[in-house]
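# Structural overview for review
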Amino acid sequence: MAEPFWYLGGLLVIGLALQVLLLVAGGLRRASFETARAWGERERLQLRIQAEKLRIRSVQANQTAWNGYRKFTVAKKIAEADGTFSFHLEPHDGRKLPPFQPGQYLTFQLAVPGYAKALVRCYSLSDCARDTHYRVTIKRCTPPSGTPHPPGVVSSWFTEEVKPGDILDVKAPAGHFALDLQRSRPIVLIGGGVGITPVLAMANALAVAGLTLETWFFVGMRNSRDHILKKECEELAARAPWLRLQVCYSQPLPEDLKGRDYQHEGRVTVDLLKAALPSANYDYYLCGPGAFMETITTGLTAWGVPDEWVNYEAFGPATVKKAVPAAEKIALSKVALAKTEVTFARSGTKLYWDGSHDSVLDFAEAHGVSIDAGCRAGNCGSCIVAIKSGEVEYSSGHDTEVEKGSCLTCICRPKGPLVLDA
Ligand SMILES: Cc1cc2nc3c(=O)[nH]c(=O)nc-3n(C[C@H](O)[C@H](O)[C@H](O)COP(=O)(O)OP(=O)(O)OC[C@H]3O[C@@H](n4cnc5c(N)ncnc54)[C@H](O)[C@@H]3O)c2cc1C
């Protein structure tokens, strides 16, 4: 008779013990979950603090930057790749340099021998902010293949003639293509060719700030001979586990080793991004040749990435032309068909705009009307001309403030009959 009681008692004890074990295990699981959550919160808080510090630094930078041009001495000239050099520029007055937002550029006014007027060009800051010097990285611009045109004037002069000790006139860092650390999304940086310069500055700034935000860094180059700042990128990726460097070579050399020098053969494409990234949920910063950015920005839109997550900068005349909505196309072609009259009053030239030029500046130059030009991207302000009558529209955003009654001819088009003081 006593045996069933023993069995029942035993089962009860085992059941109770199991329940206690389950309770303890659940408690432990909850505790470890809470700890992980607390760590996550701590990390997020640290990121926010660092981002806020960077924001304050950039506000201070804008307050302490100089007006007009300041003299800088070329302290170092470093060969980076075929026809590409970095220049370390120290302020001639020896005073500390203001910080800048990673992605911004410097504007140079240069007395190039053989040119009556000073030439104006912009070059991105390719390193993070330092008190003592700025760095720009300049690639000699070759003419489009198969054309008889000469190579780029200023980039040739920089890479061939400029040497340590030379003094240059430089405007304070400027530009809206800048890393926005107030956003909490992880980051994708994409640099094609010399377009790597501003995005490398962004990666360097993230590393210096100690931010461990998930960051993908896609680099598109022809091969190792053209691979600008290769060693610097590799060293950065080696010491920053949060940074995933993905190098694409479109024409690898026999000595270029997949897995060592590059990860993918071909160009940086949206298909590659789709294959590499766990989702489309990133802030994108891209810089490279016009066609490259056009393809990527259009592909990102098709992938469902909102426009406000995609930041880009074109070097030079390229304006990134995303697929134009049909309605806009019709509106543009109507303007073209209307054969708008454009008058360059000072030179006494009356022409008809037929929509085949990207900008009023291109249009003027094609018809022998001379207008000063610099960056050709709406940044340096060299091409500003007064409007005597009529209105213009802009093909892209611009960094230069334009007074009412004037226009940036390098990125504007007539909205109707236009008379310019040029
Ligand atoms: C915001 C910004 C940042 C930039 N950052 C960088 C940077 O970090 N690094 C960098 O290297 N560049 C950068 N650039 C580009 C740089 O400013 C210059 O545009 C570039 O160096 C070319 O200037 P250039 O005087 O050498 O060429 P230009 O003399 O202006 O010639 C431009 C191109 O036209 C070709 N050409 C010459 N004559 C003709 C003709 N008759 N018809 C057709 N084509 C012709 C030339 O061969 C050359 O390829 C940046 C530009 C901008 C706007």
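One can find the structure itself at the top, above this paragraph.
A brief structural summary. Note on numbering: residues in each chain are counted from 1, in written sequence order. Restriction of local features to residues with pLDDT of at least 70 applies here, the model being predicted, together with a cutoff of 80 or more for giving and counting side-chain atom pairs; totals for whole chains, interfaces and linings are based on all residues. The side-chain figures draw on all heavy atoms in the structure; neither hydrogens nor water molecules are used.

Glancing now at the sheet that holds strand β2 (residues 84-91). Across the sheet, six strands lie side by side as β4-β3-β6-β1-β2-β5; this open sheet has antiparallel pairing. Since the sheet does not close on itself, it has two edges, and those belong to β4 (119-124) and β5 (134-139), each with one partner. Each neighbouring strand pair of the sheet contributes to a mean axis angle of 40°, computed without reference to strand direction. For two strands to count as paired, DSSP must find a minimum of two bridges between them. Counting from the N terminus, the helices are DSSP H or I runs at least four residues long and the strands are E runs at least two residues long. Of the strand pairs in this sheet, strand β1 (residues 69-81) and β2 are connected by eight bridges, and their pairing is antiparallel. Counted as the bridge partner of Phe72 is Pro91 from β2. Lines fitted to the C-alpha atoms define the axes, with helices restricted to the stretch that makes contact. Angles between their N-to-C directions range from 0 to 180 degrees.

What follows covers the pattern of salt bridges. Where charged atoms from two side chains of opposite charge come close, those side chains can pair. By definition here, a salt bridge exists when the distance from a side-chain nitrogen of Lys or Arg to a carboxyl oxygen of Asp or Glu is within 4 Å. Applying the stated criterion across every chain yields a total of 19 salt bridges. Between Arg376 and Asp362 there is a salt bridge, with the nearest N and O atoms lying 3.5 Å from each other. In this pair, Arg376 sits in the loop between α8 (360-366) and β15 (384-389) while Asp362 sits in helix α8, placing the two residues 14 residues apart along the sequence. For Arg376, a relative accessible area of 23% puts it in the partly exposed group. A single salt-bridge network, built from bridges that share partners, covers Lys230, Glu234, Arg260 and Asp261. When a residue's accessible area, from a 1.4 Å probe over protein chains only, is under 20% of the maximum for its type it is buried; when over 50% it is exposed; and in between it is partly exposed.

Only protein atoms enter the 1 Å grid used here, on which a cavity is any set of points holding a 1.4 Å probe that cannot leave and a pocket is any open set flanked by protein within 12 Å on both sides along at least five of seven lines; residues with an atom within 4 Å of a point are listed as lining. Grid points are joined across faces, edges and corners, and a volume is the space filled by probe spheres set on the points. Summed over all chains, the structure comprises one cavity of 30 Å³ or more. Of the pockets and cavities examined, the largest cavity occupies roughly 30 Å³. Residue lining of the largest cavity: Ala373, Gly374, Cys375, Arg376, Cys380, Gly381, Ser382, Cys383, Leu408 and Cys410, and that is the complete set. Here the nonpolar group is Ala, Val, Leu, Ile, Met, Phe, Trp, Tyr, Cys and Pro; Asp, Glu, Lys and Arg are the charged ones; every other residue, Gly included, is treated as polar. Residues of the lining of the largest cavity, tallied by class, amount to six nonpolar, three polar and one charged.

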